[in-house]
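These are the residues of each chain, in order.
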Amino acid sequence: QVHTVESGGGLVQTGGSLRLSCAASGRTFSDYTMGWFRQAPGKEREFVATISRSGDSTYYPDSVKGRFTISRDNAKNTVYLQMNSLKPEDTAVYYCAASKVRRIAAMMNDYEYWGQGTQVTVSS
């Protein structure tokens, strides 16, 4: 089992930046594809970014492509989400998740382990 804890959320103005971190513990971190998802009030949870086990492959939806960057440090058991040019519509609780699939993964059902989330609020 993998336990993940997100941090780095907060309040930022439109156009600002935040870096989220997700620290993982339990099994071998490099055995897991990692992903970030978000959920805004009254909306379904949606995919934000994914990174392969080695870190050489990433994938983003159009809504964040070019603004968000996912990365990982397997030596530190940590995955990051750098968020730039933030918009009010990026306001949500951001969740880190871990998957055993041997590829990048954009579907919630691919992920077995989830953190508790960290709030990101972008003011206009």
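Residues numbered from 1 in each chain as written. Predicted model: local features only at pLDDT ≥ 70, side-chain atom pairs only at ≥ 80, totals over all residues. Heavy atoms only, no water.

### Considering the environment of Arg 38
Relative to the elements of secondary structure, Arg 38 occurs in strand 4 (residues 33-39). By relative accessible area, which is 6% here, Arg 38 ends up buried. Once you skip the residues sitting within four places of it in the chain, Arg 38 turns out to touch Glu 44, Arg 45, Glu 46, Val 48, Ser 63, Val 64, Phe 68, Glu 89, Asp 90, Ala 92, Val 93 and Tyr 94. Looking at Arg 38, its side chain comes within polar contact range of the side chain of Asp 90, at 2.9 Å. (Helix = DSSP H or I, 4+ residues; strand = E, 2+ residues; numbered from the N terminus. Buried < 20%, exposed > 50% of the residue type's maximum accessible area, 1.4 Å probe, protein only. Contact = heavy atoms within 4.5 Å. Polar contact = N/O pair within 3.5 Å; in protein donor to acceptor, adjacent residues only side chain to side chain.)

### Section: the state of the cysteines
A complete count under the given rule lists one disulfide for this structure. Here Cys 22 connects covalently by a disulfide to Cys 96, the sulfurs 2.0 Å from one another. A torsion of -75° about the S-S bond marks the disulfide between Cys 22 and Cys 96 as left-handed. With Cys 22 in strand 3 (residues 18-26) and Cys 96 in strand 9 (residues 92-99), the pair connects residues that are 74 residues apart, well separated along the chain. For Cys 22, a relative accessible area of 0% translates into the label buried. According to the relative accessible area criterion, Cys 96 is buried, its value standing at 0%. (Disulfide = S-S within 2.5 Å.)

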